[in-house]
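Next come the chains, spelled out residue by residue.
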Amino acid sequence: MELNSLKDAFDRVAKKQKLSFSKTQEVMDLIFQEIEKAIEMMQSTTFDYKSVLAELKKKLHEIAPLSQLEGTQKELNIALSKYPKALEKILNPDISKAYRNIEFDSNTVNQIIASHFYRLGLFDVGDCFINETGEAEAAVAMRSLFQEMYQMLEAMKSRNLEPALKWAAVNSDKLKENGSDLQLKLHHLQFVKILQKGSRDEALKYARTNFAPFAANHMAEIQKLMGCLLYSDRLQDSPYAHLLSPTNWDVVAEELTRQFCNLLGQSYESPLNVTIAAGVQGLPPLLKFMTVMAGKKQEWQSMKQLPVPVELDKEFQFHPIFVCPVSKEQSTDDNPPMLMSCGHVLCKQSINKMSKNSSKSFKCPYCPSDIDATQCRQLNF
Amino acid sequence: MEIDPLPNGSGSVGTTIPEAAATTTAATAALKTTPSSKLSQLTESLKLEHQLLRVPFEHYKKTIRANHRAVEKEVSSVISSVADVADCNEPSKEDAVLNLTSLVSRLQGLKRKLEEGSRTENLQAQRCRARLDHLESVDAENLSEWNNVRLKRILVDYMLRMSYYDTAMKLAESSNIQDLVDIDVFQEAKKVIDALRNQEVGPALAWCVDNKSRLKKSKSKFEFQLRLQEFIELVRAENHMRAILYARRHLAPWGATHLKELQRVMATLAFRSNTGCAKYKVLFEPKQWDFLVDQFKQEFCRLYGMTLEPLLNIYLQAGLSALKTPYCYEDDCTKEDPLSQDSFRKLALPLPYSKQHHSKLVCYITKELMDTENPPQVLPNGYVYSTKALKEMAEKNNGTITCPRTGLVCNYSELVKAYIS
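About the thresholds
Residues numbered from 1 in each chain as written. Chains lettered and ligands numbered in written order. Predicted model: local features only at pLDDT ≥ 70, side-chain atom pairs only at ≥ 80, totals over all residues. Heavy atoms only, no water. Buried < 20%, exposed > 50% of the residue type's maximum accessible area, 1.4 Å probe, protein only. Helix = DSSP H or I, 4+ residues; strand = E, 2+ residues; numbered from the N terminus. Contact = heavy atoms within 4.5 Å. UniProt positions renumbered as here; feature names shortened; annotations may be inferred. Patch = residues over 30% accessible without salt bridge, like charges linked within 9 Å, V, L, I, M, F, W, Y side chains within 5 Å. Areas by Shrake-Rupley, 256 points an atom, 1.4 Å probe, with all protein chains shown as cover. Salt bridge = Lys/Arg side-chain N within 4 Å of Asp/Glu carboxyl O. Lys, Arg positive; Asp, Glu negative; His and termini not counted. Charge placed at Lys NZ, Arg CZ, Asp CG, Glu CD. Core = buried A, V, L, I, M, F, W, Y, C linked by side-chain atoms within 4.5 Å. Domains from an automatic or database assignment. Buried area = accessible area lost by both parts, 1.4 Å probe. Polar contact = N/O pair within 3.5 Å; in protein donor to acceptor, adjacent residues only side chain to side chain. Nonpolar A, V, L, I, M, F, W, Y, C, P; charged D, E, K, R; others polar.

Here the focus is unusual backbone geometry. Note: most residues except glycine have negative phi, and most peptide bonds are trans. Its identity as a non-glycine residue notwithstanding, Lys328 of chain A has a phi of 60 degrees, on the positive side. Positive phi, close to 60 degrees, is recorded for Lys367 of chain B, a residue that is not glycine. Given the relative accessible area of 43%, Lys367 of chain B is considered partly exposed.

This is the structure we're talking about:
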């Protein structure tokens, strides 16, 4: 982007402002000096004070301070008016052009915001927000839910695994159900931590009591960990040095967050985060459309579907969308996607049209196969 | 862990390795593989940041102008004072010296003020620069952190507009983004809004005087509305003579452009505050003051080049529309979708659905996109899942597949590939 030209335009403003400032100072110093000089002259007896005054008046008139300032001021003004014009040209001056004029219920929005703060662990900010808005009480439930998680994560930051291990033990069945080996991963960290302290016996004891239940599914990993025991006093120079990397802790902390949210029935990402990120991607094509369709503001306010496709990255794709390649319409319950014998998929309505309501066979639009409409199968994505 | 060679070709081994990586690295990998589209997406998103650059600049400009006006005023008054002393018929020498000395100290004061003003200007210039630098600083490595900051900026903007100043400040401080938000600009608004909430128009009128030329340019009638309200308050207090004087002085100048409203308000002299006539009754209602607050906020935002709506609402709307599909409102909507939550569903209700020109199929089991590398396969009952999910299932269960939605059991060999274009 042309950020550099913006920077240049701004530098010009700043430069002219400095110039204008030093010019003002200069002019003021000049006046200052003249008056001081006059006072000095008046106080000595050699000069007639009246003529000194008249002289001063004349001098100041000649200096014409205001017109001296005019020049630099004019240059400054030009720079000042150019910068916002550059902003308007390079950036989008009004991103509310694609805004539909509906009132968002502020209580709902505030609730979303308060929950967002709590799930990010910004408890102070969240409390302050609820206090100030005097609503969004519903979000308080989120606070107590996520407090537990952040206590575990905070403890992990100071390399204390006790709270996390306790939580994982309580929820071990549910974790297993989700196919998560979080519990083993936590034991793994704890084991390495003990080993790092140099107590091989203690580590071995820990392994015996805690690794056994995971032996069935995670033999390889456990074997690797047992291998560490050989190098207990020089782990950093051993083939197992990577086990000491602090990123292991970050990975487990992420997994803990993921599993915790999962068990709470919450999403891993903050939903507000996801929505705003989608908005940032969705807004540019909508604004472009509004510029083209400047005259049809009315329609925009009542449309049931966006007039232009908004392509989002795949992390925003939560549902399967099937668009019929023939009719370009999205599939619905009444117009489901159908699999043809060749493996290509069209919507039911398109197949009906091409087969004249199943009265004749037709050619697949994508390959040379002949299709019998009655042989098509409905798909469920 | 050992990666089993997959049955249908050697090329697929290469593709499974990046997919096994953690999601965070997957995101950066995607950045690297499609740099041009990501880059243009980033550029497009930066173009949305007009307000970020505009507001501190308007503030800066305002300070420059005010400082300059102050200097001009003082300098010309000093010069005319000198002329006064010189032109005086019989000034005693002592008086003249005294006068000039006082002018000297006045100039010294002005100089101090000028320096102080210049310091403020420099601080504001720095802020403008900090924002340009912030926009420039974004790249593939720090993108997610940068995006987090953007959301915080958007939230602070929302809170400032909604007058939740404490939280706004707390969030800005704790995230160290003070240079990227406009708390000081809104302090100016806070004074006016607080006063209007206390039913005082003084600060609002002073604000109108400060920004007279720009309000006139945008044909604002905010001052007129303030004057009308003051008039109404005089009528309410049954101070009729003063009300009439007030109207002559402050309302009459607006007659040329807003005669209808002026006449309507004048009629309250006859109807009084306890009137039952609906047309005039509303003028005495306290919610008129709320209306003035809203009006002020609009004028204020316009003056500083802000959007009239909070940024949060604008992005939320666009995001909700882009995410909204008919499936979002079904019971089995995945919880990763914001629209699975009641609060988000409620906000999205009056918004349009998204539109797609191309199929985007997400596997029910893995929630991953099904494309040519991970093509969809059809079970005998017509249910479709990704090759990856089905292969994994088959490997674990000796080649049998169980449909997670219907319970149908079939063999991996019974699957048919579907081609989606």
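Residues and elements named next belong to chain A. Mapped onto the secondary structure, Met41 falls in helix α1 (residues 3-43). Exposure remark for Met41: the relative accessible area of 29% places this residue in the partly exposed category. With residues near it in sequence (within four places) discarded, Met41 still touches Phe47 and Val52.

Now for the UniProt feature "zinc finger region: RING-Gid-type" (unreviewed entry) in chain B. When the UniProt feature table is mapped to this numbering, "zinc finger region: RING-Gid-type" (unreviewed entry) covers residues 333-406 of chain B. Helix makes up 23% of residues 333-406 of chain B and strand 18%, and the two end C-alpha atoms of the span are 17 Å apart.

We now examine a positive patch on the surface. Residues and elements named next belong to chain A. On the surface, Arg12, Lys15, Lys82 and Lys85 cluster together to form a positively charged patch. At the level of elements, α1 and α3 (65-90) are the ones that each hand at least two residues to the positive patch. Structurally, the position occupied by Lys82 is in helix α3.

Residues Phe191 of chain A together with Leu196 and Leu312 of chain B are the most contacted members of the largest nonpolar core, which totals 129 residues. Sort the elements by how many residues they give to this core and helix α13 (residues 271-292) of chain A lands first, with 10 residues. Phe191 of chain A has contacts with Ala203, Tyr206, Ala207, Phe211, Leu225 and Leu229 of chain A, leaving out every residue within four places of it along the chain.

A separate point is the UniProt feature "domain: RING-Gid-type" (unreviewed entry) in chain A. What UniProt calls "domain: RING-Gid-type" (unreviewed entry) maps, in this numbering, to residues 324-367 of chain A. Secondary structure across residues 324-367 of chain A divides into 16% helix and 18% strand, with the first and last C-alpha atoms of the span separated by 16 Å.

What follows concerns the domain arrangement of chain B. The extent of an interface is frequently quoted as the accessible surface area lost upon association of the parts. All names here are of chain B. Domain assignment breaks chain B into domain 1 (50-86 + 93-137), domain 2 (187-308), domain 3 (312-349) and domain 4 (360-420). One C-alpha centre belongs to domain 1, the other to domain 2, and the line joining them spans 32 Å. At the interface, seven residues of domain 1 touch eight residues of domain 2. With both sides pooled, the region where domain 1 packs onto domain 2 buries about 650 Å², and carbon together with sulfur makes up 48% of that total. Three residues stand out in domain 1 for area buried against domain 2, namely Gln51, Glu58 and Lys62, and they jointly supply 62% of the buried area on that side. Seen at the junction of domain 1 and domain 2, the total is two salt bridges. With its nearest N and O atoms 2.9 Å apart, the salt bridge here joins Lys62 to Glu188. The interface formed by domain 1 and domain 2 includes four residue pairs in polar contact (both at pLDDT 80 or more). Taken together, the residues that form the side of domain 1 that touches domain 2 break down as one nonpolar, three polar and three charged.

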